[in-house]
Amino acid sequence: MSMRLRELIRAVRACKTAAEERDTVAKECAAVRTAFKDEENPYRHRNVAKLLFIHMLGYPTHFGQMECLKLIAGHSFPEKRIGYLGLMLLLDEDTEVLMLVTNSLKQDLNHSNQFVAGQALCAIGDIGSPDICRDLAGEVVKLVSNGNGYIRKKACLCLVRTIRKCPDMIENYVDKVASLLTDRSHGVLVGALTLLIEMCGAVPSLIPAFRKLSPQLIRMLKNLVLSGYAPEHDVSGLTDPFLQCKILHTLRLLGAGDRELSEGMSDILAQVATNTESSKNAGVAVLYECVRTILGIEADSGLRVLGINTLGKFLLNRDNNIRYVSLNTLTKVAPGDFKSIQRHRGTIVDCLRDPDVSIRRRALDLVSLLVNDQNVRPLVKELLGYLGTADADFKEDLTSKICRVVAKHSPSRRFQANTIIQVLADAGECVQDDVLASLPTFIAADNLLQSHCVHALFRAVEKSQSKQSLCQTAVWCIGEYGEHLAHASTAHEDDASQEAVPIARVTGVLKGLMESSLQPMTVKIYTLTALLKLASRYPSHKAQIGAIVERHQSSIVVEVQQRACEYSMLMQLEQGFLKELVDHMPTPDDEALQEATGGVG
């Protein structure tokens, strides 16, 4: 026996396992199939309703498609209602049997019951194929002029589907838009504006022709903004925010690139931006659409500042969705409204610490756009301060943005080097390979930078040896410019001077890296090379350094063992020859330096 829909829902909810649920659904599907064989079954619509519930659970229900068509061909409203609902859920525009419903749709479009005609319009607007849209376009156009506002509204939205599927038919409906915009029904106006927006998007060349409707739209928006309380259209204290948003969207399309028209709508846009309450979602929606319109037309600077300030207020909202759309919009307009957005820099930087990762990513994109030569120091400081506490999945984007920003706007090479070293120390595992590869070339180009970097990198690796990229870079720099550690580094506006480091302290750090079981083979190979170079720079400590290298001649890692043996033999060479053999890397030419500077970013 087939059970009722409510009983089926209770039975499914009572299932304790997925297998039990599958068994219950399979039994009911079998009962429904059996019931479908009886052409005189009066409960056909109930069985289809159960199939819709089973479809929502994710089980196959294709065997009920033809039953939907039979219900639509029926005469009672309950059957048609379930039939059309099943048609829109169980079928799509590519389903072959959909063409069989064309005649039923045509009959229902002319039905005396507005709800039956409305269901037919909904079905065409939802899953109408190009053939169905083309075949029934004449009936739909007739309904646009129907005396019932309920039908006119749905017919407008049905034409939107027709335009999407048959763009060549747009010219047939252009004249209909102007007459629809005089309708008194707000629902019809929303549908007409949706149709207008769709036409402009499909055929941009129609926009100049529609601009003559702008004064009418501006008056309509002004009436909505200045009208008193209208209970039939009130939403959270606003008069029909849905219609307001559609009008603002349409004005944005028509005003783009037209300065005269933009000036004509400036007053009403300013009124909407200043008078709309943002405490409720409806008000926020209208304000957001108003700001998008202000930033999308040829508005004057004062109006654009008003729009940017409105988005700045959105950043203080507790709703994450509102903050996200604000950050997203600010990112899009940042190149053209740089100074206005700078006023909200502190609020934007605070968003980097938001628990929502999507907001953090949007805020990071915006902050990187706000950096210039004047504010690079404080903003990079903020980003570095956040780097130490950022989530692991967010650090890669953050390090990439920091490196790119300092490469483009750094006031000095020393500031850029300090920033990269700090990034290596805090998130070395997230630094991109091209940054690591180009950093040595960047350091080699400046003698003063060599002294500073070797001091900074030594102290960083002495403090923490958990980052492979930091250890690798520091060890290379110590081997190449280790003699600078014997002298104090000079002070600079970006940092203080560093005291000299005894060679025994340096070799102690390198020895610790070699003996650590946590360091990978690459770091140990770099360390052996650094020890060889230090032996050539400090002849008096050659024996001490040689002893460290000799200890790894029996290493179980073949590469480390081979290098230790070879380097021990090289250390026995005459001092002058050894020094010449492992001399400094030559200073890079301008082309190589330019590539390295870009690579660091």
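Now for a description of the structure that goes with this document. (Residues numbered from 1 in each chain as written. Predicted model: local features only at pLDDT ≥ 70, side-chain atom pairs only at ≥ 80, totals over all residues. Heavy atoms only, no water.)

1. Observations regarding the overall build of the chain
Then comes step 1: Broken down by element type, the chain carries 34 helices and two strands.
Then comes step 2: Over its C-alpha atoms the chain spans a radius of gyration of 36 Å, topping by over 25% the 25 Å that the globule rule assigns to 601 residues.
Then comes step 3: Considered along the principal axes of its C-alpha atoms, the chain spans approximately 110 × 65 × 40 Å.
Then comes step 4: By residue count, 51% of the 601 residues in the chain fall in the buried class.
Then comes step 5: Within the chain, contacts between residues at least 6 apart in sequence are counted, and of these 68% link residues at least 24 apart.
Then comes step 6: Averaging the positions of the 67 positive and the 70 negative side-chain charges in the chain gives two centres separated by 6 Å. (Helix = DSSP H or I, 4+ residues; strand = E, 2+ residues; numbered from the N terminus. Rg over C-alpha atoms; globule rule 2.2 N^0.38 Å. Buried < 20%, exposed > 50% of the residue type's maximum accessible area, 1.4 Å probe, protein only. Contact = heavy atoms within 4.5 Å. Lys, Arg positive; Asp, Glu negative; His and termini not counted. Charge placed at Lys NZ, Arg CZ, Asp CG, Glu CD.)

2. Observations concerning the pattern of salt bridges
Then comes step 1: Summed over the entire model, instances satisfying the criterion amount to 26 salt bridges.
Then comes step 2: Here K165 and E93 are joined by a salt bridge, their closest N and O atoms 2.8 Å apart. With a gap of 72 residues between them, K165 in helix α10 (residues 149-165) and E93 in the loop between α5 (77-90) and α6 (102-109) connect regions that are remote in the sequence.
Then comes step 3: We classify E93 as partly exposed; its relative accessible area is 25%.
Then comes step 4: A salt bridge links D397 to R361; its shortest N-O distance comes to 2.1 Å. With D397 in helix α24 (residues 392-409) and R361 in helix α22 (residues 357-370), the pair connects residues that are 36 residues apart, well separated along the chain.
Then comes step 5: Residue D397 is classed as partly exposed on the basis of its relative accessible area of 33%.
Then comes step 6: The partly exposed category is assigned to R361, whose relative accessible area is 28%.
Then comes step 7: Residues joined in a network through salt bridges with shared partners are R44, E67 and K70. (Salt bridge = Lys/Arg side-chain N within 4 Å of Asp/Glu carboxyl O.)

3. Overview of empty space enclosed by the protein
To find leftover empty space, a probe the size of one water molecule is rolled over the atoms.
Then comes step 1: Counted by the stated rule, this structure contains two cavities of 30 Å³ or more.
Then comes step 2: What the second largest cavity holds in volume is close to 30 Å³.
Then comes step 3: In terms of lining, the second largest cavity is formed by L87, L98, V101, L105, A123, I124, I127, G128 and I132.
Then comes step 4: Top element by residues in the lining of the second largest cavity is helix α7 (residues 114-127). It accounts for three residues.
Then comes step 5: Residue classes in the lining of the second largest cavity are distributed as eight nonpolar, one polar and no charged. (1 Å grid on protein atoms, 1.4 Å probe; cavity = no way out; pocket = protein on both sides within 12 Å on 5 of 7 lines; lining within 4 Å. Points joined across faces, edges and corners; volume = space filled by probe spheres on them. Nonpolar A, V, L, I, M, F, W, Y, C, P; charged D, E, K, R; others polar.)

4. As for the packing of helix α16 (residues 259-275) against helix α17 (residues 281-296)
Then comes step 1: The geometry of α16 relative to α17 is characterised by a closest axis approach of 9 Å and an angle of 145° between their N-to-C directions. The hand of the α16/α17 crossing is left-handed. Residue-level contacts link L269, V272 and A273 of α16 to V286, L287, C290, T293 and I294 of α17.
Then comes step 2: Looking at the contact of α16 with α17 residue by residue, the classes come out as seven nonpolar, one polar and no charged. (Axes fitted to C-alpha atoms, helices over the stretch in contact; angles between N-to-C directions. Left-handed = near helix turned anticlockwise from the far one by under 90°.)

5. Brief notes about α6
Then comes step 1: Within the sequence span of α6, burial applies to T102, S104, L105, D108 and L109. For α6, the buried positions fall inside an angular range of 160° around the axis, keeping them on one side.
Then comes step 2: Contact partners of the buried residues in α6: α4 (65-72), α5, α7, α8 (130-135) and α9 (137-144). (Arc of directions from axis to C-beta.)

6. Here we look at α7
Then comes step 1: In this model α7 runs 20 Å from its N-terminal to its C-terminal C-alpha over 14 residues, within 8% of the 20 Å that 1.5 Å per residue would give.
Then comes step 2: Listed as buried for α7 are V116, A117, G118, Q119, A120, L121, A123, I124 and I127.
Then comes step 3: The backbone nitrogen of F115 has a side-chain oxygen 2.9 Å away, supplied by the residue at the start of α7, namely N113. (Expected span 1.5 Å × (residues − 1). Polar contact = N/O pair within 3.5 Å; in protein donor to acceptor, adjacent residues only side chain to side chain.)

7. Topic: a nonpolar patch on the surface
Then comes step 1: Together, M66, M99 and L100 make up a nonpolar patch on the protein surface, roughly 330 Å² of accessible area in all.
Then comes step 2: Inspection of the secondary structure assignment puts L100 in the loop between α5 and α6.
Then comes step 3: Using a relative accessible area of 53% as the deciding quantity, one classes L100 as exposed. (Patch = residues over 30% accessible without salt bridge, like charges linked within 9 Å, V, L, I, M, F, W, Y side chains within 5 Å. Areas by Shrake-Rupley, 256 points an atom, 1.4 Å probe, with all protein chains shown as cover.)

8. Some details on the packing of aromatic side chains
Then comes step 1: By the definition in use, this model includes three aromatic pairs.
Then comes step 2: Taking the centre distance of 5.6 Å and the plane angle of 65° together, the rings of F115 and Y150 count as edge-to-face. Remark: Y150 occurs in helix α10 and F115 occurs in helix α7; sequence separation between them is 35 residues.
Then comes step 3: Overall, the relative accessible area of 42% leaves F115 in the partly exposed class. (Phe/Tyr/Trp six-rings, centres within 6.5 Å; stacked < 30°, edge-to-face > 60°.)

9. As for the side chain of R252
Then comes step 1: Tracing the backbone shows R252 in helix α15 (residues 241-255).
Then comes step 2: The exposure class of R252 is buried, given its relative accessible area of 11%.
Then comes step 3: Excluding anything up to four places from it in sequence, R252 contacts E289, R292, T293, G296 and I297.

10. Concerning the environment of G187
Then comes step 1: Examined against the element boundaries, G187 turns out to sit in helix α12 (residues 186-202).
Then comes step 2: The class for G187 is partly exposed, based on a relative accessible area of 25%.

11. Description of the nonpolar core
Then comes step 1: Of all hydrophobic cores here, the largest spans 96 residues; its most connected members are V506 and L510.
Then comes step 2: Setting aside its immediate chain neighbours within four residues, L510 contacts V475, I478, T527, A530, L531 and L534.
Then comes step 3: V12, C158, L181 and L261 belong to the second-largest nonpolar core, a separate cluster that totals 93 residues. (Core = buried A, V, L, I, M, F, W, Y, C linked by side-chain atoms within 4.5 Å.)

12. Section: the packing of α15 against α16
Then comes step 1: At a closest axis distance of 10 Å, the pairing of α15 and α16 adopts a crossing angle of 155°. Considered as vectors, α15 and α16 are oriented roughly antiparallel to each other. When you trace α15 past α16, the crossing you get is left-handed. In contact with L248, L251, L254 and G255 of α15, α16 contributes L261, S262, M265 and L269.
Then comes step 2: Looking at the contact of α15 with α16, its residues break down into six nonpolar, two polar and no charged. (Parallel < 35°, antiparallel > 145°, perpendicular 65-115°, else oblique.)

13. Considering a positive patch on the surface
Then comes step 1: Together, R4, R6, R10 and R46 line one region of the surface with positive charge.
Then comes step 2: Looking at where R4 falls in the secondary structure, it is placed in the segment before α1 (5-14).

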